[in-house]
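The chain contents come next:
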Amino acid sequence: MGCRADEAPPSNTPSDNLMTVKYLEIVTNEVDATCELYESIHGVRFDQPDADLGQARAARKADGTVIGIRAPLADHEGPTVRAYLAVEDIHEAVKTAQERGAMLAYPPTKQGEHGTFAIMIQGEIQHGLWQP
């Protein structure tokens, strides 16, 4: 099954904000060094660890995008970079993804005041969904 440009986007996709990254999560064993790297290259500043984001140190861009850098939360979690794309209805987006064969790795979960996230796996890749 390939990607088809002639298909209309699903109804749960923000029509004026297609494929907007709301949260970029970087999981690494070198949190401080990675924060320093991003600060020196991109000119952002990372906060202290945020419990609502798995102790990620977060930087917020003017457009509302959040970049979080954190250590693995479990022994089985390896380093990864995961983009969470905005959706208007996360429950409907998860349902649609599962109907298309994606496996639910983490169900919709509220992250304090940040929003609600979910993680799907399709083709061995983790795909993040984020409802602000």
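Up top is the structure these notes are about.
Quantities reported herein were computed from a predicted structural model and do not represent experimental measurements.

Enquirer: How would you summarise the layout of surface pockets if you had to cite specific residues and measurements?
Expert: Quantified by volume, the second largest pocket comes out at close to 470 Å³. In terms of lining, the second largest pocket is formed by 22 residues, of which the most central are Arg70, Leu73, Glu77, Arg82 and Ile119. The set of elements that each furnish at least two residues to the lining of the second largest pocket consists of strand 1 (21-27), strand 4 (80-86), strand 5 (103-110), strand 6 (116-122) and strand 7 (125-131).

Enquirer: I'd like a rundown of the packing of aromatic side chains, residues and numbers included.
Expert: Within this structure, the stated rule accounts for six aromatic pairs. On the basis of an interplanar angle of 40° and a centroid distance of 5.5 Å, the ring pair of Tyr23 and Tyr84 is categorised as tilted. Here Tyr23, found in strand 1, pairs with Tyr84, found in strand 4; they are 61 residues apart in sequence, far enough to count as distant. Here Tyr23 and Tyr84 have matching classes, each one buried. Where Tyr23 meets Trp130, the ring centres are 5.2 Å apart and the plane angle is 40°; that geometry is what we call tilted. Here Tyr23 is found in strand 1, whereas its partner Trp130 is found in strand 7, with 107 residues between them in sequence.

Reading guide: rules and limits
- Residues numbered from 1 in each chain as written.
- Predicted model: local features only at pLDDT ≥ 70, side-chain atom pairs only at ≥ 80, totals over all residues.
- Heavy atoms only, no water.
- 1 Å grid on protein atoms, 1.4 Å probe; cavity = no way out; pocket = protein on both sides within 12 Å on 5 of 7 lines; lining within 4 Å.
- Points joined across faces, edges and corners; volume = space filled by probe spheres on them.
- Helix = DSSP H or I, 4+ residues; strand = E, 2+ residues; numbered from the N terminus.
- Phe/Tyr/Trp six-rings, centres within 6.5 Å; stacked < 30°, edge-to-face > 60°.
- Buried < 20%, exposed > 50% of the residue type's maximum accessible area, 1.4 Å probe, protein only.

Such coordinate-based values are descriptive only and should not be taken to indicate function.
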